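# Report on the structure
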Amino acid sequence: MPWFDGFESRSFEVNGASINARVSKTILGEPQRPALLLLHGFPQSHVMWHRVAQRLARDYFLVMPDLRGYGDSSKTAGLPDHSNYSKRNMAHDMAGVMDTLGINRFFLCGHDRGGRVAHRLALDHAARVLKLCVIDIAPTLDMYEGRSMTEPYMVFARAYYHWFHMLQPAPLPEIMMGANHPETAKAYLHAKLGGWGSAGLNYIEPRALAEYERSFCNAEALHAACEDYRASAGIDLEHDRDGRAQGQKLACDLLVLWGERGVVHRLFDPMVLWQAQCGGEVTGQAMPAGHFIPEEQPEATARALRDFFS
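Thresholds, definitions, all that
- Residues numbered from 1 in each chain as written.
- Predicted model: local features only at pLDDT ≥ 70, side-chain atom pairs only at ≥ 80, totals over all residues.
- Heavy atoms only, no water.
- Helix = DSSP H or I, 4+ residues; strand = E, 2+ residues; numbered from the N terminus.
- Buried < 20%, exposed > 50% of the residue type's maximum accessible area, 1.4 Å probe, protein only.
- Arc of directions from axis to C-beta.
- Contact = heavy atoms within 4.5 Å.
- Pairing = 2+ DSSP bridges.

The next point concerns unusual backbone geometry. Cis rather than trans, the peptide bond between phenylalanine 42 and proline 43 has omega equal to -5°. Mapping proline 43 onto the fold places it in the loop between strand E3 (35-39) and helix H1 (50-56). Residue proline 171 is reached from alanine 170 by a cis peptide bond, and omega for that bond is 5°. One can find proline 171 in the loop between helix H6 (161-165) and helix H7 (172-177). Of note in the backbone geometry, aspartate 112 takes a positive phi value of approximately 55° without being a glycine. Located in the positive-phi region is serine 148, a residue other than glycine, with phi close to 55°. If you trace the backbone, serine 148 turns up in the loop between helix H4 (140-145) and helix H5 (153-159).

Taken together, the buried positions of helix H9 (residues 206-216) are Ala208, Leu209, Tyr212, Ser215 and Phe216. Taken around the axis of H9, the buried residues stretch over an arc of 140°, which confines them to a single face. Those residues of H9 that are exposed and aimed more than 90 degrees away from the buried face are Pro206 and Arg207. If you follow the buried residues of H9, they end up packed against H1, H7, helix H8 (182-193), helix H10 (219-232) and helix H14 (293-296).

Once that is clear, we can look at the side chain of asparagine 20. The residue asparagine 20 is located in strand E2 (residues 17-24) in this model. Beyond its immediate chain neighbours, meaning those up to four positions away, asparagine 20 contacts Arg10, His46, Met64, Pro65, Asp66, Asp72 and Ser73.

Look at any regular strand and the pattern is simple: side chains alternate between the two faces of the sheet. Burial analysis of E2 places eight of its eight residues in the buried class, the great majority of the element. Of the two faces of E2, the one carrying Ala17, Ile19, Ala21 and Val23 and the one carrying Ser18, Asn20, Arg22 and Ser24 are both buried. The sheet contact formed by strand E1 (residues 7-14) and E2 spans eight bridges and is antiparallel. Note that in E2 the partner of phenylalanine 12 across the bridge is isoleucine 19. The antiparallel hairpin formed by E1 and E2 contains two residues in its connecting segment, where asparagine 15 sits at a positive phi of about 55°. As paired strands, E2 and strand E4 (residues 61-65) are joined by three bridges and run antiparallel to one another. Each bridged residue has a counterpart across the sheet, and for valine 23 the counterpart in E4 is valine 63.

Have a look at this one:
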């Protein structure tokens, strides 16, 4: 199928970082389309949206960045408190990208880590987010604290062991993941992309897999990914607890999608958890997929997003 036909690559210098993105091309005189910001997750890049993007290109002005630490965006060393990889700071990156494009209000969707950045973006920049979709996540604080679980916490820790492994002090996790051995890093990447109910790598187009291998299998990327998870287990939880203590909730309507073969479906009740954190209307459904829904079910994902955002 087409790759990123109709899109251009751009680099944005925002918030002390260089953020790489694919953005819809504009044609002089064409009607203005509503903006939709799509955020990827671990261990991928904006490339994960390529199938969905072709299906939404005519209806939306699409902005698909690589999050800080992923793809071709900046991969700076983590600060002692990991705050430069906090979801608040990464959300500020995304707000800066939209500022540079002159887009004040927009629709927002995030998968996996991108969903956590999107959640924080919709909380901290509530007036800018028209509607939000999160894909295959429950709220970070609830997942770490084991709320609304259908199985013992050890089952979650076994399925998402990387949450606890990657937050250990540098450089041990990075070394174990293959920071000095590209083939080890490649094996780790393939294990993640083929896991969490996704039943192997057949859902990924070869060109996309090659991009993930290129951008992930190096020491800088592995360190940045670990910093993302270190922030989630520390400063992000502080921000989440502070927000809840103040009664902060999402102000916009929310769509929740999750894979019926994934860990979130098996261990959590995502609708109950997200309804507790949202002041708007919450709708959702399980999708016939594992964790990597936008690539496993691009047509169904695009249809769900179009129905919700329209």
